[in-house]
Amino acid sequence: MAERKRRLVADELAAAALQLLAQKGFDAVTIEEIAAVAGVSKRTFFRYFASKEDVVVQVLADLGPVMRTELAARPAGERPSLALRNAVWISVAACADRAERGGASERALRVVQLILGTPALLARFLERQAQWRDELAAELAHRLGLDPVTAMYPPLAAGMALSAFDAVLRRWSGSDGAEDPAALLEEAFAVLAPALDAVAGPAS
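All of these numbers come straight from a predicted model, not from anything done at the bench.

(A) Representation of the overall build of the protein. Check the secondary structure of the protein and you find ten helices and zero strands. Scanning the protein from its N terminus toward the C terminus, one meets helices and strands in the order α-α-α-α-α-α-α-α-α-α. Computed over its C-alpha atoms, the radius of gyration of the protein comes to 18 Å, within 12% of the 17 Å expected for a compact globule of 204 residues. Along the first, second and third principal axes, the C-alpha set of the protein runs to 60 × 35 × 30 Å. The 204 residues of the protein split such that 47% are buried.

(B) Highlighting the packing of helix α8 (residues 119–144) against helix α9 (residues 153–174). For the pair α8 and α9, interaxial distance at closest approach is 8 Å and the crossing angle is 135 degrees. Judged by the inter-axis angle, α8 sits oblique to α9. For the pair α8 and α9, the sense of crossing is right-handed. Counting all contacts with α8, which are made through Leu-122, Phe-125, Gln-129, Trp-132, Arg-133, Leu-136, Ala-137, Leu-140, Ala-141 and Leu-144, the residues of α9 involved are Tyr-153, Pro-154, Pro-155, Ala-157, Ala-158, Gly-159, Leu-162, Phe-165, Asp-166, Leu-169 and Arg-170. The residue inventory of the contact of α8 with α9, partitioned by class, reads 16 nonpolar, two polar and three charged.

(C) Highlighting the packing of helix α1 (residues 2–24) against helix α2 (residues 31–38). Their axes nearest at 8 Å, the elements α1 and α2 cross at an angle of 120 degrees. By the criterion of interaxial angle, the relationship of α1 to α2 is oblique. Remark: the crossing between α1 and α2 carries right-handed chirality. From α1, Glu-12, Leu-13, Ala-16, Ala-17, Gln-19, Leu-20 and Lys-24 reach across to α2, where they touch Glu-33, Ile-34, Ala-35, Val-37 and Ala-38. Classifying every residue of the contact of α1 with α2 by side-chain character gives eight nonpolar, one polar and three charged.

(D) Structural view of helix α10 (residues 181–196). Ala-190 marks the point of greatest bend in α10, at about 35 degrees, and the proline Pro-194 comes within the next four residues. For α10, every residue scored as buried is listed here: Pro-181, Leu-184, Leu-185, Ala-188, Phe-189, Leu-192, Ala-193 and Leu-196. The opening residue of α10, the one whose side-chain oxygen lies 3.0 Å from the backbone nitrogen of Ala-182, is Asp-180.

(E) Molecular detail of the nonpolar core. Judged by nonpolar contacts, the single largest core of 66 residues is most densely connected at Val-56, Leu-60 and Phe-165. Per element, the largest residue contribution to this core is ten residues, and it comes from α9. With residues up to four places along the chain from it excluded, the contact list for Phe-165 reads Leu-63, Met-67, Val-88, Ser-91, Val-92, Phe-125, Gln-129 and Trp-132.

(F) Representation of the pattern of salt bridges in the model. Scanning the entire structure with this criterion turns up 13 salt bridges. A salt bridge links Glu-70 to Arg-74, with the nearest nitrogen and oxygen atoms 3.2 Å apart. Relative accessible area serves as the criterion here: at 21%, Arg-74 is assigned to the partly exposed category. Here the salt bridges do not stand alone but share partners, grouping Asp-54, Arg-124 and Glu-127 into one network.

(G) The side chain of Asp-54, seen in detail. Mapped onto the elements of the fold, Asp-54 is located in helix α4 (residues 52–57). Here Arg-124 takes part through its side chain, which lies 2.6 Å from a polar atom of the side chain of Asp-54. Apart from the residues lying within four places of it in its own chain, the contact partners of Asp-54 are Phe-49 and Arg-124.

(H) Quick peek at unusual backbone geometry. A positive phi angle is found at Asp-176, which is not glycine, with a value near 60 degrees. Looking at the secondary structure, you find Asp-176 in the loop between α9 and α10.

(I) Region of the structure containing helix α5 (residues 63–73). Residues Leu-63, Gly-64, Met-67, Glu-70 and Leu-71 constitute the buried set of α5. Taken down its axis, α5 places every buried residue within 130 degrees of arc, on the same side. Of the exposed residues in α5, those oriented more than 90 degrees away from the buried face are Thr-69 and Ala-73.

Reading guide: rules and limits
Residues numbered from 1 in each chain as written. Predicted model: local features only at pLDDT ≥ 70, side-chain atom pairs only at ≥ 80, totals over all residues. Heavy atoms only, no water. Helix = DSSP H or I, 4+ residues; strand = E, 2+ residues; numbered from the N terminus. Rg over C-alpha atoms; globule rule 2.2 N^0.38 Å. Buried < 20%, exposed > 50% of the residue type's maximum accessible area, 1.4 Å probe, protein only. Axes fitted to C-alpha atoms, helices over the stretch in contact; angles between N-to-C directions. Parallel < 35°, antiparallel > 145°, perpendicular 65-115°, else oblique. Left-handed = near helix turned anticlockwise from the far one by under 90°. Contact = heavy atoms within 4.5 Å. Nonpolar A, V, L, I, M, F, W, Y, C, P; charged D, E, K, R; others polar. Bend = angle between axes of the 7 residues up to and from the residue. Polar contact = N/O pair within 3.5 Å; in protein donor to acceptor, adjacent residues only side chain to side chain. Core = buried A, V, L, I, M, F, W, Y, C linked by side-chain atoms within 4.5 Å. Salt bridge = Lys/Arg side-chain N within 4 Å of Asp/Glu carboxyl O. Arc of directions from axis to C-beta.

This is the structure in structure tokens:
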């Protein structure tokens, strides 16, 4: 119950923030206003989020853990490019599906556009992606039997996969959701696959 209540309050704060940001723009909105619209105190806001950047980026925060979980579930002998493409697709598809379904809790397209168009939000989102890169790199090292500390391949491959993720989000959101994210991801990984598949394991 406590976790459900925490999630509900966090969702209400996110919804309030997005409503205000759509009306006034990022710089003009204050934390006090977000808290007031959500019906909570400023003190309560800070129990959930450290800043107004965090309350927006939090909407997409689950995408990174989802990628790692999917990568870990891929068949052991699968080519790295295919495993990473499928892992990234889970998160890209989540954004696209949420945008297509619409509704108060399904606002991924608007959030992506807001993040990519606001320098402060983009900086915070890239910080999150740096954490995701480390998590993907650790999983890649485990899958390939590589040293997670000294091997160059895992962090480079994870970074390439997240670059593809970022490029697809930019194209998809820039088209206002019109471009097919699946086709964009296929195009991106067709470019990356030769480099990603150059390392097959610890002997490479």
